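Breakdown of the fold
Below are the chains, spelled out letter by letter.
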Amino acid sequence: LADGTEWEGDEVWHIPLQPGPDLPTSDVLAVRSGTWDARTAKDWFKFNFGQVAPYRVLYASKAVRSAQIAAILAGQVSALDRIGLLLDSFALVRQGKLPPVELVFLLAAFRGEQSAHV
């Protein structure tokens, strides 16, 4: 949840994964936890592409986070998705689920950012 606590109910929420940019599927996560094969992504990917749903994403793989940073530096990530990556990372650091240094690495990719929204 937003404050970092774990959901203790029995309900299973259906969460649209909405992977992008080059992954055409719009799978729905309908189990408590699961895995998703990202090997079909060409260079980088992001869940909740376009920020279509109100949820946070923790990318456990350093390689995935590095690919996202490279895509930001190459100008391949929209302002909306850059904002989403920043908000997710900041919230996950506050919850103790992401090391603060990972947020610093992400922030370094925003040197010279041109969008006032980001």
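Note that this is a predicted model, so its numbers are computed, not measured. (Residues numbered from 1 in each chain as written. Predicted model: local features only at pLDDT ≥ 70, side-chain atom pairs only at ≥ 80, totals over all residues. Heavy atoms only, no water.)

Attention now moves to the packing of helix α2 (residues 79–94) against helix α3 (residues 100–108). Two numbers describe how α2 lies on α3: the axes approach to 9 Å, and their chain directions differ by 160°. Taken together, α2 and α3 sit at an angle that is classed as roughly antiparallel. Every pair of crossing elements has a handedness; the one defined by α2 and α3 is left-handed. Side by side, α2 and α3 meet where L85, L86, S89, F90 and V93 of the first sit next to P100, L103, L106 and L107 of the second. Partitioned by chemical class, the residues of the contact of α2 with α3 number eight nonpolar, one polar and no charged. (Axes fitted to C-alpha atoms, helices over the stretch in contact; angles between N-to-C directions. Helix = DSSP H or I, 4+ residues; strand = E, 2+ residues; numbered from the N terminus. Parallel < 35°, antiparallel > 145°, perpendicular 65-115°, else oblique. Left-handed = near helix turned anticlockwise from the far one by under 90°. Contact = heavy atoms within 4.5 Å. Nonpolar A, V, L, I, M, F, W, Y, C, P; charged D, E, K, R; others polar.)

So, on to the confidence of the model for the protein chain. Taken residue by residue, the protein chain gives an average pLDDT of 86. The fraction at 70 or more is 89%. Looking over the protein chain, one finds the lowest element-wise mean pLDDT in strand β2 (residues 28–29), namely 81, and the highest in α3, namely 96. (pLDDT = per-residue confidence, 0-100.)

A separate point is the packing of helix α1 (residues 62–73) against α3. A pair of packed helices is captured by two measures, namely the crossing angle of their axes and the spacing between those axes. Axis separation between α1 and α3 bottoms out at 9 Å; the angle between their running directions is 20°. Considered as vectors, α1 and α3 are oriented roughly parallel to each other. Note that α1 runs across α3; the crossing there is right-handed. Across from K62, R65, I69 and I72 in α1, the residues of α3 making contact are E102, F105 and L106. The residue makeup of the contact of α1 with α3, split by class, is four nonpolar, no polar and three charged.

Moving on to the packing of aromatic side chains. What the rule picks out here adds up to four aromatic pairs. Taken together, a centroid distance of 5.2 Å and an interplanar angle of 80° make the contact between F45 and F47 edge-to-face. In this structure, F45 and F47 share a single accessibility class: buried. Here the aromatic rings of F47 and Y59 are separated by 6.3 Å at their centres, their planes lie at 0°, and the arrangement is stacked. Residue F47 is located in the loop between β2 and α1, and its partner Y59 is located in the loop between β2 and α1; the two are separated by 12 residues in the primary sequence. One exposure class covers both F47 and Y59, and it is buried. Members of the aromatic cluster, connected to one another through ring pairs, are F45, F47 and Y59. (Phe/Tyr/Trp six-rings, centres within 6.5 Å; stacked < 30°, edge-to-face > 60°. Buried < 20%, exposed > 50% of the residue type's maximum accessible area, 1.4 Å probe, protein only.)

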